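# Coordinates in review
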Amino acid sequence: MSAVATQSAPKIDLTAPGAPFEIIEADVRGHRMPVFAKANYLLSGLFARMATYGDRTFVVEEDRRTSYAQGYGQAAAIAALLRDQYGVKPGDRVAINMRNRLEWMTGFMAVSALGAIPALINSRGAPEEMRYCVETVECHLVLSDLQRTRALAESGYTGPVIDVDNPAFAEALDKYAGASLPHHDGHVDDAAAILFTSGTTGKPKGAVLSHRAMLTGQMISQHRGTEFAMELAAKLGTDLQTMIANAPQGASLLIFPMFHISGVGAIFLSCIMRGDKIVIQRRWDADTALELVEREHVSAMSGPPSVIWDMVQVQKKNPRNLASLRSLGTGGQGLALNLLQAMQENFPIAVPGGGYGCTETAGAISLAMGEGYVCRPECSGVVHSLAQIKTIDDQGNDLPAGEVGELCVRGPMVMTEYWGRPDDTAKAIDTDGWLHTGDVGFVDAQGYITIVDRKTDMVISSGENIYCAEVERVLLSHPEIAEAAAFGVPDERLGERLMAAVVLHEGSSLGEDEIKAHVQAHLATYKVPAAVDVRPESLPRNVTGKVDKRRLRAAHDSI
């Protein structure tokens, strides 16, 4: 029997009939499953709310400030331009290929409102990768900034491109000033966006997310956040409505690229749902981030552990007034205990949180915050009740609760397909609708999920399976280690040799032997790295913020 995790019922059932997060049964992609009753509209319906927010700040981008009304107006003008001058129609794919900026957001809104499908291109990728993604989903045209326009031209791409940095673009939009944002009458399970996997093991695949999937992904986070807010209100002796009414406008710091689900979903769409402000940081710098938090009264931000460590170090040296920062999250694998302690010491007001999800699940399917997170930092939150989850062994057999295996997910948040790749889709989603995530982990009786490793990121040395994430957690538990990665390299005798790369906190003189001894004290001997590379600078990362182990292996092979 499969282990299916569910969230324990809150004191007030927010999922009951008529409640904000009412759950009903519906047919999705041929399978009967629980869904949010209110996730039954298109994204254009969400964007239509913007006009009601009026002069409330929408986006802060360096010295440019844009209100919701202005953002809505620009999106409407872009939609009219795309429809009238470029013939964009429902079902067309339109690539969005630019850095995080206002025009990325309004371009997405315009394309979606026309019933077309935004294809979110990795704007940090190589020109050839950009061209591959644009062409593989047969884009009608590309919305691009100047840098990416030049990169596409360098790649040999000859299709139509609208350069939003070209003065002609602004002139064209002036002709459509005063236009209204259109609304397309489609189905909630139609394609809403295409997000590309990072492509660390081959060509990028375009994950197709429906309107229902993207809305569900955001409502899961809102549901869990509302439960936490109700608990907080009760502790303060008030009710949720009063607390919300007296709260200032929320603000999120955007550091994730918007072609990533954490950028487009957890920040962009979520902020529009709440009428919050989006503060863009173009390039990561911890000192600048903290300055923005202080100046713009940022209330929420999230990032990978390396980002949080950077902020901790800067806040120690140059403390800022961070009274506005109420939520500080990270995700993926469990949080190292020393990082959690540093977060609590340096950001005492911010509620820590974390979760687990992926592009193919339209964001997090498990979340925890506050005490629910602090008591189990090694986990990645509690699985939401809409996400059916099970673990299977290498033969595809269901495993009991608590046993380690590949995590499989089914629910309305799961992607529809990989665009134009039926074989890859069939490998990822079985005939019963289960998404095989490729992540190895387990779910306990309380619904907490623990990620052990990637199925494809396991080292087999001398016949022993070594989960890299397990070794990394032990490495990161050392108070003098800031970053750590474990990976395998070929070995004629062992099959693979376990290696590690670490970055130390400033002032540490920790040596390789001491690091090995630390691992030896916590894990079996065969899990101790054969060699440890103590690096003077941060570990290489891909565009999603994950450690790029291909580059670490390549660096080792070149020695």
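Small disclaimer: the values here were computed from a predicted structure and weren't measured.

Next up on the list: the sheet that holds strand S8 (residues 161-163). Spatially, S8-S7-S5-S6-S9-S10-S20 is the arrangement adopted by the seven strands of the open sheet, whose pairing is mixed. Each edge of the open sheet carries a strand with a single partner, namely S8 and strand S20 (417-418). Relative to strand S7 (residues 141-144), strand S5 (residues 93-97) runs parallel, the two sharing four bridges. Residue alanine 95 lies in a different strand from S7, and its bridge partner there is valine 142.

Attention now goes to the nonpolar core. Among the nonpolar cores identified, the biggest contains 91 residues, and Phe47, Phe58, Trp104, Met105, Phe108 and Phe268 are the most heavily contacted of them. Look past the residues within four positions of methionine 105 in its chain and what remains in contact with it is Phe58, Val59, Leu254, Met258, Phe268, Ile278 and Ile280. Judged by nonpolar contacts, the second largest core, of 29 residues, contains Val307, Ile308, Met311 and Met343.

Empty space within the second largest pocket amounts to approximately 520 Å³. Taken together, 21 residues line the second largest pocket, and the ones lying closest to its centre are Arg124, Trp284, Val307, Arg541 and Gly545. Of all the elements, helix H12 (residues 305-317) adds the most residues to the lining of the second largest pocket, at three residues.

As a further point, take H12. Spanning 13 residues, H12 covers 19 Å between terminal C-alpha atoms, matching the ideal 18 Å at 1.5 Å per step. Residues of H12 that are buried: Ser306, Val307, Ile308, Trp309, Met311, Val312 and Gln315. Tucked into the core, H12 has its buried residues touching helix H11 (286-296), strand S13 (300-302), strand S14 (327-331), helix H13 (337-346) and strand S25 (481-491).

Further remarks concern the pairing of strand S22 (residues 449-454). In terms of burial, S22 is a largely internal element, five of the six residues being buried. Between strand S21 (residues 435-443) and S22, which pair antiparallel one after the other, the connecting turn spans five residues, and glycine 447 there sits at a positive phi close to 90°.

A few words now on the sheet that holds strand S26 (residues 495-504). Spatial strand order, S25-S26-S27: three strands in an open sheet with mixed pairing. Each edge of the sheet is formed by a strand with only one pairing partner; in this case those strands are S25 and strand S27 (531-535). Pairwise comparison of adjacent strand axes, ignoring direction, gives a mean angle of 25° for this sheet. Where S25 and S26 come together, ten bridges link them in antiparallel fashion.

Another point: the environment of aspartate 185. Counting through the fold element by element, aspartate 185 comes out in the loop between helix H7 (167-174) and strand S9 (191-196). Exposure remark for aspartate 185: the relative accessible area of 68% places this residue in the exposed category. Along the backbone, aspartate 185 and phenylalanine 47 are 138 residues apart, and their C-alpha atoms lie at a distance of 14 Å.

The rules behind these values
Residues numbered from 1 in each chain as written. Predicted model: local features only at pLDDT ≥ 70, side-chain atom pairs only at ≥ 80, totals over all residues. Heavy atoms only, no water. Pairing = 2+ DSSP bridges. Helix = DSSP H or I, 4+ residues; strand = E, 2+ residues; numbered from the N terminus. Core = buried A, V, L, I, M, F, W, Y, C linked by side-chain atoms within 4.5 Å. Buried < 20%, exposed > 50% of the residue type's maximum accessible area, 1.4 Å probe, protein only. Contact = heavy atoms within 4.5 Å. 1 Å grid on protein atoms, 1.4 Å probe; cavity = no way out; pocket = protein on both sides within 12 Å on 5 of 7 lines; lining within 4 Å. Points joined across faces, edges and corners; volume = space filled by probe spheres on them. Expected span 1.5 Å × (residues − 1). Axes fitted to C-alpha atoms, helices over the stretch in contact; angles between N-to-C directions.

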